[in-house]
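# Summary of the model geometry
As a plain string of letters, each chain reads:
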Amino acid sequence: DAGVTQSPTHLIKTRGQQVTLRCSPKSGHDTVSWYQQALGQGPQFIFQYYEEEERQRGNFPDRFSGHQFPNYSSELNVNALLLGDSALYLCASSSPWAGYEQYFGPGTRLTVT
Amino acid sequence: GESVGLHLPTLSVQEGDNSIINCAYSNSASDYFIWYKQESGKGPQFIIDIRSNMDKRQGQRVTVLLNKTVKHLSLQIAATQPGDSAVYFCAETPWGGYNKLIFGAGTRLAVHP
């Protein structure tokens, strides 16, 4: 049983560019949450997708958007990249039928130059 | 605003000793608390959780204590091993927060032989 997978592992972009990160949830999970983790800090909640809709959003600008597909996989899009967007982006999956526990993927390391 | 913080940024212990990692939270309406372990280059890994209606919960070599009176959470690791070296985060989920996690900054645990 594969856990949460994310792609790509690492990514280098230039300021102003756009990026798309991908996540496949753990088998049986239908909810995907995205977090941004700056170096030396705890993860910060970006948003959560359930039934292909954004259910809750953290304090992030509209440059951050997402999507969830019918197979529950998800994408995180960031437009007009800033240097401050450099971080580890984590995807976590869960299911309301499987308790509160969230399973995290290994993350995508985004570097903006 | 909501926040979950940690008292000590770095904790150094000898192998075999017991470790105690502390965390303070500010949202008295939080329903669920979790401890995560994050090793270098990996996503957070679930260790143990506790509901707000409990004071203590034990796992294998780990114990979580919740003191709602002073809004304090602690993680106790018995017989600390080199493999326990990592950054530990406490996180909380506000009641009705659809599993949105609010993380603290983390404590680095360094285990010395």
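Residues numbered from 1 in each chain as written. Chains lettered and ligands numbered in written order. Predicted model: local features only at pLDDT ≥ 70, side-chain atom pairs only at ≥ 80, totals over all residues. Heavy atoms only, no water.

Take the overall build of chain B next. In terms of regular secondary structure, chain B is built from zero helices and eleven strands. For 113 residues, the compact-globule formula gives about 13 Å, and the C-alpha radius of gyration of chain B, at 13 Å, lands near that figure. Summarising its shape, the C-alpha atoms of chain B cover approximately 45 × 30 × 20 Å along the three principal directions. Looking at chain B as a whole, 48% of its 113 residues qualify as buried. When the accessible surface of chain B is summed, it comes to about 5,500 Å², and 48% of that surface belongs to carbon and sulfur atoms. Measuring between centres, the 10 positive side-chain charges of chain B sit 2 Å from its 9 negative side-chain charges. (Helix = DSSP H or I, 4+ residues; strand = E, 2+ residues; numbered from the N terminus. Rg over C-alpha atoms; globule rule 2.2 N^0.38 Å. Buried < 20%, exposed > 50% of the residue type's maximum accessible area, 1.4 Å probe, protein only. Areas by Shrake-Rupley, 256 points an atom, 1.4 Å probe, with all protein chains shown as cover. Lys, Arg positive; Asp, Glu negative; His and termini not counted. Charge placed at Lys NZ, Arg CZ, Asp CG, Glu CD.)

Attention shifts here to the state of the cysteines. Within this structure, the stated rule accounts for two disulfides over all chains. One disulfide in the model links Cys23(A) with Cys91(A); its S-S distance is 1.8 Å. Handedness of the Cys23(A)-Cys91(A) disulfide follows from its S-S torsion of about -55°: it is left-handed. Highlighted residues: Cys23(A) in strand β3 (residues 19–24) and Cys91(A) in strand β9 (residues 87–94), separated in sequence by 68 residues. Residue classification places Cys23(A) among the buried positions, given a relative accessible area of 2%. Overall, the relative accessible area of 0% leaves Cys91(A) in the buried class. Residue Cys23(B) pairs covalently with Cys90(B) via a disulfide, S to S 1.8 Å. Measuring the twist about the S-S bond at about 55°, one finds the Cys23(B)-Cys90(B) disulfide to be right-handed. Taken together, the residues span a long stretch of sequence, with Cys23(B) in strand β3 (residues 19–25) and Cys90(B) in strand β9 (residues 86–94) at a distance of 67 residues. (Disulfide = S-S within 2.5 Å.)

It is worth spelling out the pairing of β3(A) at this point. All names here are of chain A. Across three bridges, the pairing between strand β1 (residues 5–7) and β3 is antiparallel. Along β3, the bridge assignment pairs Gln6 with Cys23. The pairing of β3 with strand β8 (residues 74–78) spans five bridges and is antiparallel. Looking across to β8, one finds that Leu21 is bridged to Leu76. (Pairing = 2+ DSSP bridges.)

Here we take up unusual backbone geometry. In the segment running from Ser7(A) into Pro8(A), the intervening peptide bond is cis, with an omega of -10°. Assignment of secondary structure puts Pro8(A) in the loop between β1 and β2 (10–13). Residue Glu51(A) is not a glycine yet carries a positive backbone phi of 50°. Secondary-structure assignment places Glu51(A) in the loop between β5 (44–50) and β6 (53–57). Even without being a glycine, Arg61(B) presents a positive backbone phi close to 65°. Along the chain, the position of Arg61(B) falls in the loop between β6 (56–58) and β7 (62–67).

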